[in-house]
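# Structural description and commentary
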Amino acid sequence: MVRSKDDNIIVQKSYAFSLRCVKLYKYLCNRDGNYIIGKQLLRSGTSIGANVREALRAQTRPDFTTKLNIALKETSETEYWIELLRDAEYISTSQAESMLSDCVELLKILTSIIKKTKENNSLLNN
């Protein structure tokens, strides 16, 4: 399982991304009054880090994997909201691309951790 939150890259990156989502939400509310899409982004974007943090305290390997799978789905949803904000011209292409790049990185890291955890689990069961 995961060591501690201070030396764990997925914990650090998911927290930093959550913070970016909070700041983008603030920006959207102040600039355009766009509460609906912004709130969706806020919910899914901050849920990534929350689920990663919950995984640190997982009681079992399946619980750990479940929390990370939820984080993975929330990352994918966040990617959708960012694309929608970009295409609706609420945010610039460069703003979107920067955040989408972070999403892709989170997706890759989460997928890798989940895959390795499942592989390790199957080795234990053999």
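Here's what I pulled together on the structure shown here.

## Considering the packing of helix α1 (residues 9-31) against helix α2 (residues 36-56)
In contact at an axis separation of 9 Å, α1 and α2 are set at 160° when each is read in the N-to-C sense. What the angle tells us is that α1 and α2 run roughly antiparallel. Crossing of α1 against α2: the hand is left-handed. Contact with α1, carried on its side by Ile10, Val11, Ser14, Tyr15, Phe17, Ser18, Cys21, Val22, Leu24, Tyr25 and Leu28, involves Gly38, Lys39, Leu41, Leu42, Gly45, Thr46, Ile48, Gly49, Val52, Arg53 and Leu56 of α2 and no other residues of that element. Along the lines of polarity and charge, the residues of the contact of α1 with α2 split into 14 nonpolar, 6 polar and 2 charged.

## Comments concerning the side chain of threonine 117
Inspection of the secondary structure assignment puts threonine 117 in helix α4 (residues 93-125). Within the local environment of threonine 117, its side chain forms a polar contact with the backbone oxygen of isoleucine 113, the two atoms lying 2.8 Å apart. Once residues within four sequence positions are removed from consideration, threonine 117 is found in contact with Arg61, Phe64 and Thr65.

## Some points on the nonpolar core
Proteins that are soluble and globular tend to have nonpolar side chains buried together. Of all hydrophobic cores here, the largest spans 30 residues; its most connected members are Phe17 and Ile82. When residues of this core are traced back to their parent elements, those giving at least two are α1, α2, α3 (61-87) and α4. Residue contributions to this core peak at 9 residues, all from α4. Residues contacting phenylalanine 17, with those up to four places away along its chain left out, are Gly45, Ile48, Thr78, Ile82, Met99, Asp102, Cys103 and Leu106.

## As for α2
Taking 1.5 Å as the rise per residue, α2 with 21 residues should run 30 Å; its terminal C-alpha atoms sit 31 Å apart, in good agreement. In the structure, α2 departs most strongly from a straight axis at serine 47, where the bend amounts to approximately 25°.

## A short note on the packing of α2 against α3
For the pair α2 and α3, the least separation of the axes is 8 Å and the interaxial angle reads 155°. By the angle class used here, α2 and α3 are roughly antiparallel. Here the hand of the crossing between α2 and α3 comes out left-handed. Here the contact of α2 with α3 is built from residues that sort into 13 nonpolar, 7 polar and 4 charged.

## A few points about unusual backbone geometry
The phi dihedral of glutamate 89 is positive, around 65°, even though this residue is not glycine. Relative to the helices and strands, glutamate 89 resides in the loop between α3 and α4.

About the cut-offs
Residues numbered from 1 in each chain as written. Predicted model: local features only at pLDDT ≥ 70, side-chain atom pairs only at ≥ 80, totals over all residues. Heavy atoms only, no water. Axes fitted to C-alpha atoms, helices over the stretch in contact; angles between N-to-C directions. Helix = DSSP H or I, 4+ residues; strand = E, 2+ residues; numbered from the N terminus. Parallel < 35°, antiparallel > 145°, perpendicular 65-115°, else oblique. Left-handed = near helix turned anticlockwise from the far one by under 90°. Contact = heavy atoms within 4.5 Å. Nonpolar A, V, L, I, M, F, W, Y, C, P; charged D, E, K, R; others polar. Polar contact = N/O pair within 3.5 Å; in protein donor to acceptor, adjacent residues only side chain to side chain. Core = buried A, V, L, I, M, F, W, Y, C linked by side-chain atoms within 4.5 Å. Buried < 20%, exposed > 50% of the residue type's maximum accessible area, 1.4 Å probe, protein only. Expected span 1.5 Å × (residues − 1). Bend = angle between axes of the 7 residues up to and from the residue.

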